[in-house]
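What the coordinates show
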Amino acid sequence: MSELMCNPTEEQLKLSRGTSNYHSHCDQFIIKDRNYSRQYAHLYAQRLKCFYPTLEKTIQRKWGNSINICKLFELKKGERCCVIGTIFKSMELRPNILKEISDEHNLMPQPSREKYISDSDTLILEDDLQRISLVGNIDVSKAVIGTIVAVLGKEDSSSKFEVEDITFVDLPSQIPATPPEQDRSVLLMSGLGIGSEDQHLLNLQMMIDMVTGNLGNIEDQKMTANIVQVIVAGNSLSSNAKNKDAMSMAKYLTRNTSPISSAGVRNLDDILAQLVSSIPVDIMPGEQDPANYTLPQQPLHRCMFPRASLYSSLNLVTNPYEATIGGFR
């Protein structure tokens, strides 16, 4: 405690923030053309086309070169083969347009459910031409709609594909990187929840003071001086910061009403201003932040942060997020 109360030493005065090469790849997630007329079918077809060659190599590595890879229209009953396609899960409890119609016309509404899965769910595999039901050695509850898979098995007498084994697309190969000459760190934080009624900002302020070098002894400051980038990974604001009444009303009724608590945004701006004065910060949007709900979420607007925006070290990025820091992507 005594060394925290004394004047800074000469060694502390000479400490400087570490630097590292940085390049953002978030431009690929910026929506330039907002076209909502496209259907998911085109997305799935393109995804299947891109992953097909990769899955062919995975099949050869896992099941050998002797396995025949077939299209669905080429299947023959009882013949063992492998098929590549997109998973679709048929879910009887999934919400549909009938619920919205019943609300509009005062019909008996469908009961609200806590979950949409059931034991009656079935799996269907689709390729670019046909579809077939999947049975056998495959866990229906863990399957996700839109996943590109390769299934090994055969078509049974009921025209269903009996699965023996399943495989997915391999992870992409790691981009080689040269190890840094000096230790460098990246600080990740998320779920700050600023604006909640019971939040105490003392812990957050102590963390900021530690990162900016205003707290801790000489060893702590040497450690934090190696932090070259801060990534705020969403949900910076609390869900309580939203004015739910204003968000659910028509726009002409909320013309002079803010749907977001200005106090929470101001506190976030103050916190970011302290950080960006010492270190580069990337701030991503999250579910509770004032951004679009659909992915990719677009960057938060710069006008929300009048103080922090004065610094070029503030980077408003997308969700998903991708960057190269110190040669690592």
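Residues numbered from 1 in each chain as written. Predicted model: local features only at pLDDT ≥ 70, side-chain atom pairs only at ≥ 80, totals over all residues. Heavy atoms only, no water.

1. Focus: the nonpolar core
With 26 residues, the main nonpolar core has Leu 272, Val 281, Ile 283, Phe 305 and Leu 314 as its most contacted residues. Where this core is concerned, the elements lending two or more residues are helix 5 (202-211), strand 9 (227-233), helix 8 (262-276), strand 10 (281-284) and strand 11 (314-316). Here this core gets seven residues from one element, more than from any other, and that element is helix 8. Dropping the residues within four chain positions of it, Ile 283 is found in contact with Val 232, Ser 236, Leu 268, Leu 272, Leu 300, Phe 305, Leu 314, Asn 315, Leu 316 and Val 317. Ranked by size, the runner-up nonpolar core spans 17 residues in total, among them Leu 72, Val 83, Val 151 and Val 163. (Core = buried A, V, L, I, M, F, W, Y, C linked by side-chain atoms within 4.5 Å. Buried < 20%, exposed > 50% of the residue type's maximum accessible area, 1.4 Å probe, protein only. Helix = DSSP H or I, 4+ residues; strand = E, 2+ residues; numbered from the N terminus. Contact = heavy atoms within 4.5 Å.)

2. Regarding the side chain of Asp 289
Mapping Asp 289 onto the fold places it in the loop between strand 10 and strand 11. A polar atom in the side chain of Asp 289 sits 2.8 Å from the backbone nitrogen of Gly 286. Once you skip the residues sitting within four places of it in the chain, Asp 289 turns out to touch Gly 234, Asn 235, Ser 236, Leu 237, Met 284 and Leu 300. (Polar contact = N/O pair within 3.5 Å; in protein donor to acceptor, adjacent residues only side chain to side chain.)

3. Focus: the layout of surface pockets
Estimated volume of the largest pocket: approximately 770 Å³. Partitioned by chemical class, the residues of the lining of the largest pocket number nine nonpolar, five polar and four charged. One number sums up the size of the second largest pocket: a volume of about 270 Å³. Every residue lining the second largest pocket is counted, 14 residues in all, and those nearest its centre are Ser 20, Pro 180, Gln 182, Arg 184 and Gly 326. For the lining of the second largest pocket, a count of residues per class yields five nonpolar, six polar and three charged. (1 Å grid on protein atoms, 1.4 Å probe; cavity = no way out; pocket = protein on both sides within 12 Å on 5 of 7 lines; lining within 4 Å. Points joined across faces, edges and corners; volume = space filled by probe spheres on them. Nonpolar A, V, L, I, M, F, W, Y, C, P; charged D, E, K, R; others polar.)

4. Notes on the pattern of salt bridges
For the structure shown, the criterion picks out eight salt bridges. With its nearest N and O atoms 3.8 Å apart, the salt bridge here joins Lys 77 to Glu 155. Here Lys 77 is found in the loop between strand 2 (69-70) and strand 3 (81-90), whereas its partner Glu 155 is found in strand 6 (residues 148-155), with 78 residues between them in sequence. What makes Glu 155 buried here is its relative accessible area of 11%. Residues Arg 329 and Glu 322 are paired through a salt bridge, measuring 2.5 Å at the closest nitrogen-oxygen approach. (Salt bridge = Lys/Arg side-chain N within 4 Å of Asp/Glu carboxyl O.)

5. Side note on the side chain of Thr 318
Summarising the element assignment, Thr 318 is placed in the loop between strand 11 and strand 12 (323-325). Looking at Thr 318, its side chain comes within polar contact range of the main-chain oxygen of Pro 320, at 2.7 Å.

6. Quick word on unusual backbone geometry
For the bond from Leu 295 to Pro 296, the omega torsion is 0 degrees, close enough to zero to count as cis. Tracing the backbone shows Pro 296 in the loop between strand 10 and strand 11. Following Asn 319, the chain continues to Pro 320 via a peptide bond in cis, the omega torsion being 15 degrees. Relative to the elements of secondary structure, Pro 320 occurs in the loop between strand 11 and strand 12.

7. Looking at the sheet that holds strand 9
Spatially, the four strands line up as an open sheet ordered 8-9-10-11, and their pairing is parallel. Strands at the two margins of the open sheet, each flanked by one partner only, are strand 8 (185-189) and strand 11. Adjacent strand axes in the sheet meet at a mean angle of 20 degrees, parallel and antiparallel pairs treated alike. As defined by bridge partners, strand 8 adjoins strand 9 across five bridges and the pair is classed as parallel. (Pairing = 2+ DSSP bridges. Axes fitted to C-alpha atoms, helices over the stretch in contact; angles between N-to-C directions.)

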